[in-house]
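Architecture at a glance
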Amino acid sequence: MSTANRLFEPFTLGGQKLANRMVLPPLTRSRATDEGLATDLMADYYRQRSGAGLIIAEGTVVLPQATAYPRVPGLYNAAQVEAWKPVVAAAKHDGNAMYCQLWHVGRQSHSTVQPDGLPPKAPSPVPITGFKYRSPDGPVAYETPREMSEADIQEAATAFGAAARNAMIAGFDGVELHGANGYLIEQFLDDGINRRTDSYGGSIENRMRFLREVLSAVFDHVPPHRVGVRLSPSSTWMDAIDSDKRRLFGTVINRLNEFGLAYLHLVEPGIAGSSSAEVSAEAIPTADLAALFDGPVIVTGGHTPETADAVIENGTADLVGFGRLFIANPDLPRRFALGAPFGDVRKRGLYGGTAEGYTDYPELSAAEL
Ligand code: PHB
């Protein structure tokens, strides 16, 4: 492709100038320590991929009980803040920005990784039945979650705020709230998951209450123009079921316009968690939803340089994420610029392990430049 691709245009996000419109989207790779401390290996990984105009660091949990998997990083204590600092410093330079994705998995957790050894907490005691939990010993059934009390809900919202403050102390430029893929924020939004009869359930406004409280807790520490929200409006991955997703997400996106956020990050239809899936008949075109949002829009999921150029050109998106391509091609922007071929993702090392399958994907050699 030629350098006329619009991905190579600069973009100003939250007042920061990005050298290009390519995004490293948040990708769980499980290379933190058992205590949720970011590692030197993670610094290598993010530095290798720092050609992206925007780096969104992998899902980082806001509480011990917010995690689904071992070796996911956290931002709920001082040691975790210190551990992130060198990672952020390694990845940031003049032409990019680095946000941290703040994550609470709710019912997608499992008693084996809960601090109290009990089933996780979620808006309602509705288990995931169509999917299995990825345990170190292989797939196992999800458990029926415990229903969150009002105190649990307050604790979770407050924890998002504290983690946002910690992210800024660690050097991140902003934070992204993980409202996608059937995790806790979406568990409140979807009426197939949220069966509450109190002020957090029922109407869309009530189901949005938790998201609003999270935003409000985060805004105590980070200005709205440095806060993004990620949604996956067409995904039913992990039983993310709602009776009217178009109405739900249309309303949510309209309401988000109140805040002057850094961006809205939309997962494309055809993505189920971290994999490609068939686009269902009920899928909501990304362009329809993006058009509802007043601020910058990021789209991620299955894009090539050509489709990315097209969605920027037609006004759907401002920035485009490339997950699997960035995993296998650390120098992806350069490959795009040169029209060089792409390496493929290897399954081994995707989740957890060493440098293998993580930081050992090659850059183009001098001979290829
Ligand atoms: C995963 O670990 O497979 C994963 C994590 C976060 C997501 C999606 C998938 O949003």
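Residues numbered from 1 in each chain as written. Predicted model: local features only at pLDDT ≥ 70, side-chain atom pairs only at ≥ 80, totals over all residues. Heavy atoms only, no water.

**Some points on the site of the ligand**
Neighbouring the ligand are the residues T28, Y69, W103, R134, H178, N181, Y183, W237, S274 and Y351. Between the ligand and the protein, one listed contact pairs an oxygen atom with a side-chain N or O atom of H178 at 2.7 Å. Within the side chain of Y351, one N or O atom sits 2.6 Å away from an oxygen atom of the ligand. Burial of the ligand by the protein chains amounts to 92% of its free accessible area of 270 Å². Comparing atom positions with the cavity grids shows the ligand to sit within the largest pocket. (Near = heavy atom within 4 Å. Polar contact = N/O pair within 3.5 Å; in protein donor to acceptor, adjacent residues only side chain to side chain. Areas by Shrake-Rupley, 256 points an atom, 1.4 Å probe, with all protein chains shown as cover. 1 Å grid on protein atoms, 1.4 Å probe; cavity = no way out; pocket = protein on both sides within 12 Å on 5 of 7 lines; lining within 4 Å. Sits in = over half its atoms within 2 Å of the grid points.)

**Quick look at the pattern of salt bridges**
In this structure the tally under the stated criterion is 18 salt bridges. When the shortest N-O distance is used, the salt bridge between R146 and D116 registers 3.0 Å. Linking R146 in strand 9 (residues 146–147) with D116 in the loop between strand 5 (97–103) and strand 6 (121–122), this pair joins segments that are 30 residues apart in sequence. Take D116: its relative accessible area is 44%, and that puts it in the partly exposed class. Taken together, the shared-partner salt bridges in this structure form one network comprising R6, E9, R21 and E313. (Salt bridge = Lys/Arg side-chain N within 4 Å of Asp/Glu carboxyl O. Helix = DSSP H or I, 4+ residues; strand = E, 2+ residues; numbered from the N terminus. Buried < 20%, exposed > 50% of the residue type's maximum accessible area, 1.4 Å probe, protein only.)

**Let's talk about the packing of aromatic side chains**
According to the stated counting rule, one finds 15 aromatic pairs in the structure shown. Centre to centre, the rings of Y69 and Y133 are 5.6 Å apart; their planes meet at 5 degrees, and the pair counts as stacked. With Y69 in the loop between strand 4 (54–61) and helix 2 (78–91) and Y133 in strand 7 (residues 132–135), the pair connects residues that are 64 residues apart, well separated along the chain. Overall, the relative accessible area of 6% leaves Y69 in the buried class. Owing to a relative accessible area of 0%, Y133 belongs among the buried residues under this scheme. Ring centres 5.0 Å apart and planes at 75 degrees place the aromatic pair F322 and F336 in the edge-to-face group. Within this pair, whereas F322 is found in the loop between strand 16 (319–321) and helix 10 (323–328), its partner F336 is found in helix 11 (residues 332–338), the two being separated by 14 residues in sequence. Each member of the pair, F322 together with F336, is buried. Members of the aromatic cluster, connected to one another through ring pairs, are Y45, Y46, W84, F172 and Y358. (Phe/Tyr/Trp six-rings, centres within 6.5 Å; stacked < 30°, edge-to-face > 60°.)

**Some thoughts on the nonpolar core**
With 97 residues, the main nonpolar core has W84, L177 and F210 as its most contacted residues. For this core, the leading source of residues is helix 3 (residues 150–170), giving 9 residues. Grouped together as the second largest cluster of nonpolar side chains are 12 residues, L54, A262, Y263 and L319 included. (Core = buried A, V, L, I, M, F, W, Y, C linked by side-chain atoms within 4.5 Å.)

**Focus on helix 3**
Its 21 residues place the ends of helix 3 30 Å apart at the C-alpha level, agreeing with the 30 Å of an ideal helix rising 1.5 Å per residue. Taken as a whole, helix 3 has its buried residues at D152, I153, A156, A157, A159, F160, G161, A163, A164, N166, A167 and A170. Phi turns positive one or two residues past the end of helix 3, at G171, with a value near 110 degrees. (Expected span 1.5 Å × (residues − 1).)

**Topic: the pairing of strand 5**
The buried fraction of strand 5 amounts to 7 of the 7 residues, a majority that puts the element mostly inside the structure. Because side chains alternate across strand 5, one face comprises the buried residues A97, Y99, Q101 and W103, and the other comprises M98, C100 and L102, equally buried. Looking at chain direction, strand 4 and strand 5 are connected through 6 bridges and run parallel. Each bridged residue has a counterpart across the sheet, and for V61 the counterpart in strand 5 is W103. (Pairing = 2+ DSSP bridges.)

**Some points on the sheet that holds strand 10 (residues 174–178)**
Adjacent strands of a sheet pair through backbone hydrogen bonds, lying either parallel or antiparallel. One closed barrel accounts for 8 strands, arranged 3-4-5-10-11-12-15-16; its pairing is parallel. Taken over all neighbouring pairs, the strand axes of this sheet differ in orientation by 25 degrees on average, direction set aside. Strand direction decides the pairing type here: strand 3 (residues 22–24) and strand 16, joined by 2 bridges, are parallel. Directly across from M22, in strand 16, lies its bridge partner V320. Here helix 6 (residues 209–219) sits on the sheet in contact with strand 10 and strand 11 (227–231), set at roughly 165 degrees to strand 10. Relative to strand 11, helix 7 (residues 245–256) is tilted by about 175 degrees, and along the sheet it contacts strand 11 and strand 12 (263–267). (Axes fitted to C-alpha atoms, helices over the stretch in contact; angles between N-to-C directions. Contact = heavy atoms within 4.5 Å.)

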